[in-house]
Amino acid sequence: MISVTARGKHASSGAGLWSSWPLPVIILCAIILRLGAVVVLRPTLESDPLAYFTMAKSLVEHGVLSDNFGQHAFYSAGYPLALAPFFWLFGSSIPVALSVNMLLAAVTLLLVDRLARVVTGRSEVALLAAAAVAVWLPSIWSATLLAKENLSTPLLLGFALCAVRIARGERLLLHAVLGGLAWGAGLVTGGSSLLLALGVALPLLTMARLDFRRAFTAASCFAIGAALVLGPWFYSTYRMVGTPVLTTNAAFNLYLGNNPAATGRFVSIADTPLGPGWNPTRIALGEIRNARRLQEKAHDWIVANKARAAQLGALKLAYFWEPNIPDSTDFAESKSVAGIRLIEVAQYLLIIGLALWGFRSNDVDRRAKHVLAAMILGFWLLHAAAYIIPRYRDPVVPLLIIMAAAPVAARLRIRMNWKNEDAV
């Protein structure tokens, strides 16, 4: 742990440095960077962003979620539901949606700051982590797009904050309910949040060994919080598609990751055995029956090709952490964008290396370290089921950044204290 001297007598010298660079300034700079990226990249609506935009617009104008293909529960609903109130107030437009992204970026930085303070007790760690997230290039790219990661990231951070509080037994029942709400909202925003629940399950299981009734009560409160979010959504999907489901997209992704054409990365449905006649069949079957068909096809392939399925699962787990290195095609399309992506690779490798150092150091509360590790592990393992694209790991990177910032800030603080002692 950090020495008493560093925490006590000379701690104010470090605080003085960081207090000159407050969180509001970091948030303002982050928003300016993201607005600059919007001006340069000039985002357009296509693919997933078009679907999310259409869903939010449809909800405001017609009272029902419906994407550009007429589907109600294929794309995760959380992000469009977050856009809808702003569309209702200010109109359905790209500038309004991007303004929501800026607001979500600010919330993300506030939560990074708060979580880092809770797990380390250090304001300098919190500000360093917030500054790192502010300049983390994938988070800047996401803010220029109508992407669900803009919402799933702050929800994950909010859940992590509650999970750490639960592990410490601080206002247990309140944080259990709030954690359930955050987890449920995360599931509606993206099914990959499912195994984040390990971050709460681990401390509750530990607690149950000493006080089963207290742990059971907390688990019940967590379930109530989750039900308050998931219950209305399941009822909505029952009304829209005839069956209560989280999303019909899960079966689609499962099939893309488990079929004769699967590689572990994204492949188009057109390149799979179900590609011929895909749209007519999808329309004829409807969302639920088509999802069941995809799930059955994926299951049949896995059973018939166990070794290949296991190999693909291992590849996906490796691809999840693979740096997003631009290739020759990327450089041919735009040398400037590819060059910036090389900076992203350098950022990423630095974050990974420092985060591993952080997990091995004593600069983070032990219980918090276990909670964050369980969340990252659960989020990672779930992605072995479908396929991998680089942005899928974006929501957990702020947790890694917090872990990376802790030992760096501690070493900087110690060096500053040494210099102050030498000066005296």
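As a reminder, the structure under discussion sits directly above these lines.
Residues numbered from 1 in each chain as written. Predicted model: local features only at pLDDT ≥ 70, side-chain atom pairs only at ≥ 80, totals over all residues. Heavy atoms only, no water.

## Here's the deal with the overall build of the protein
Operational definition: Helix and strand assignments follow DSSP, with helices taken as H or I runs no shorter than four residues and strands as E runs no shorter than two, numbered in order from the N terminus. Radius of gyration: C-alpha atoms only; globule rule: 2.2 Å multiplied by the number of residues to the exponent 0.38. For every residue, the accessible area obtained with a 1.4 Å probe (protein chains only) is divided by the maximum for its type, and the residue is called buried under 20%, exposed over 50%, and partly exposed between those limits. Contact criterion: two residues are considered in contact whenever any of their non-hydrogen atoms come within 4.5 Å of each other. Every accessible area reported is derived by Shrake-Rupley at a probe size of 1.4 Å, with residue values counting cover from the shown protein chains alone. Think of it this way: Lys and Arg go in the positive column, Asp and Glu in the negative one, and His and the chain ends go nowhere. Where a charge lies is defined by one atom per residue type, namely NZ (Lys), CZ (Arg), CG (Asp) and CD (Glu).
Within the protein, the secondary structure is distributed over 19 helices and 0 strands. In terms of overall size, the protein behaves like a compact globule, its C-alpha atoms giving a radius of gyration of 23 Å where 424 residues would be expected to give roughly 22 Å. Taking the principal axes of the C-alpha coordinates as reference, the protein spans close to 80 × 60 × 50 Å. By the burial criterion, 49% of the 424 residues in the protein qualify as buried. In the protein, once contacts between residues fewer than 6 apart in sequence are set aside, the share between residues at least 24 apart is 74%. A total accessible area of about 19,700 Å² is found for the protein, and carbon and sulfur atoms account for 66% of it. Measuring between centres, the 37 positive side-chain charges of the protein sit 7 Å from its 23 negative side-chain charges.

## Focus on the side chain of arginine 34
The criterion, for reference: For this analysis, a salt bridge means a side-chain nitrogen from Lys or Arg found within 4 Å of a carboxyl oxygen belonging to Asp or Glu. Under the rule applied, a polar contact is a pair of N or O atoms within 3.5 Å (in protein, one hydrogen donor and one hydrogen acceptor; residues adjacent in sequence only if both atoms are side-chain atoms).
Inspection of the secondary structure assignment puts arginine 34 in helix α3 (residues 23-41). No salt bridge is formed by the buried arginine 34; its nearest oppositely charged neighbour, aspartate 394, is found at 10 Å. Polar side-chain contacts of arginine 34 include one of 2.9 Å to the backbone oxygen of alanine 30. Once residues within four sequence positions are removed from consideration, arginine 34 is found in contact with Met102, Ala105, Val133, Ala134, Ser139, Ile140, Ala143 and Thr144.

## Points about the packing of aromatic side chains
Under the convention used in this document: Note on aromatic contacts: the rings of Phe and Tyr and the six-membered ring of Trp form a pair at centre separations within 6.5 Å, being stacked when their planes are under 30 degrees apart, edge-to-face when over 60 apart, and tilted otherwise. Whether a charge sits over a ring depends on NZ of Lys or CZ of Arg being within 6 Å of the ring centre and within 35 degrees of the ring normal.
As enumerated under the stated definition, the model contains 15 aromatic pairs in all. Among the aromatic residues, those joined into a cluster by ring pairs are Tyr52, Phe74, Tyr75, Tyr79, Phe252 and Trp278. Between the NZ or CZ atom of arginine 265 and the centre of the ring of tyrosine 319, over which it lies, the distance is 3.7 Å. Between arginine 393 and the ring centre of tyrosine 348, over which it is positioned, the NZ or CZ distance is 4.2 Å.

## Quick word on the pattern of salt bridges
Under the defined criterion, the tally for this structure stands at 11 salt bridges. One salt bridge connects glutamate 61 with lysine 57, and the closest N-O pair in it is separated by 3.1 Å. Within this pair, glutamate 61 and its partner lysine 57 are both found in helix α4 (residues 47-62), separated by 4 residues, close to a single helical turn. On the basis of relative accessible area, glutamate 61 is assigned to the partly exposed category, the value being 45%. By relative accessible area, which is 30% here, lysine 57 ends up partly exposed. Measuring nitrogen to oxygen at the nearest pair gives 3.7 Å for the salt bridge that ties arginine 367 to aspartate 365. Judged by relative accessible area, which is 36%, arginine 367 ranks as partly exposed. Salt bridges sharing partners connect three or more residues here, namely Arg165, Arg168, Glu170, Asp365 and Arg367.

## Description of the nonpolar core
The test is simple: The set of buried Ala, Val, Leu, Ile, Met, Phe, Trp, Tyr and Cys residues whose side-chain atoms join them within 4.5 Å is what this entry labels a nonpolar core.
Counting residues in hydrophobic clusters, the biggest one holds 108 residues, and the most contacted among them are Leu83, Leu115, Phe159, Trp183, Met375 and Leu399. Sort the elements by how many residues they give to this core and helix α6 (residues 94-120) lands first, with 14 residues. Not counting residues up to four positions away in its chain, the partners in contact with phenylalanine 159 are Gly179, Ala182, Trp183, Leu196, Ala197, Val200, Phe222 and Met375.

## Focus: helix α13 (residues 249-257)
Within α13, 7 of the 9 residues are buried, which leaves it mostly tucked inside the rest of the structure. Packed against the buried residues of α13 are α14 (278-304) and α15 (306-320).

## What about the packing of helix α9 (residues 149-168) against helix α11 (residues 198-208)?
In plain terms, the rule: Axis definition: a line fit to C-alpha positions, over the contact stretch in the case of helices; interaxial angles, taken between N-to-C directions, run 0 to 180 degrees. Between 65 and 115 degrees an angle is taken as roughly perpendicular, under 35 as roughly parallel, over 145 as roughly antiparallel, and anywhere else as oblique. Asp, Glu, Lys and Arg are counted as charged, while Ala, Val, Leu, Ile, Met, Phe, Trp, Tyr, Cys and Pro are counted as nonpolar; the rest, among them Gly, fall into the polar class.
Where α9 contacts α11, the two axes come as close as 9 Å, and the packing angle between them is 10°. The pairing of α9 with α11 is recorded here as roughly parallel in orientation. Taken together, the residues of α11 that come into contact with α9 (itself represented by Phe159, Ala163, Ile166 and Ala167) are Gly199, Val200, Pro203, Leu204 and Met207. For the contact of α9 with α11, the residue count by class is 8 nonpolar, 1 polar and no charged.

## Focus on a nonpolar patch on the surface
Just so we agree on the cut-off: Without a salt bridge and with relative accessible area above 30%, a residue can belong to a patch; like charges are then joined within 9 Å and nonpolar side chains (Val, Leu, Ile, Met, Phe, Trp, Tyr) within 5 Å.
There is a patch of nonpolar side chains on the surface, built from Leu194, Leu195, Leu198, Leu377 and Leu381 and spanning about 370 Å² of accessible area. Note that leucine 194 resides in the loop between α10 (172-189) and α11. With relative accessibility at 40%, the residue leucine 194 sits in the partly exposed group.

## Describing α10
The periodicity of an α-helix, 3.6 residues per turn, causes residues three or four positions apart to be oriented the same way. Short version of the rule: Expected helix span is computed as 1.5 Å times (number of residues minus one).
Taking 1.5 Å per residue, 18 residues should reach 26 Å; α10 reaches 25 Å between its end C-alpha atoms and fits that length. Residues of α10 that are buried: Leu172, His175, Ala176, Gly179, Gly180, Ala182, Trp183, Gly184, Gly186, Leu187, Val188 and Thr189. Summarising the contacts, the buried residues of α10 are in contact with α5 (78-90), α9, α11 and α12 (212-241).

## A closer look at the packing of α10 against α12
The following threshold applies: What makes a crossing left-handed is the near helix being turned counterclockwise from the far one by less than a right angle; a clockwise turn instead makes it right-handed.
Contact pair α10 / α12: the axes reach a minimum separation of 7 Å and the direction vectors enclose 35°. Between α10 and α12 the crossing geometry is right-handed. The segment α10 lies against α12, with Leu172, Leu173, Ala176, Val177, Gly179, Gly180, Leu181, Trp183, Gly184, Ala185, Leu187 and Val188 engaging Arg214, Thr217, Ala218, Cys221, Phe222, Gly225, Ala226, Leu228, Val229, Leu230 and Trp233.

## Quick word on the side chain of arginine 293
Tracing the backbone through its elements, the reader meets arginine 293 in helix α14. No salt bridge is formed by the buried arginine 293. Its closest oppositely charged neighbour is glutamate 296, at 8.0 Å. Discounting residues that sit within four places of it in the chain, arginine 293 has contacts with Leu274, Trp278, Thr281 and Leu285.

## Focus on unusual backbone geometry
Located in the positive-phi region is arginine 42, a residue other than glycine, with phi close to 45°. Mapping arginine 42 onto the fold places it in the loop between α3 and α4. For arginine 171, which is not glycine, the phi dihedral falls at a positive 45°. Note on placement: arginine 171 falls in the loop between α9 and α10.

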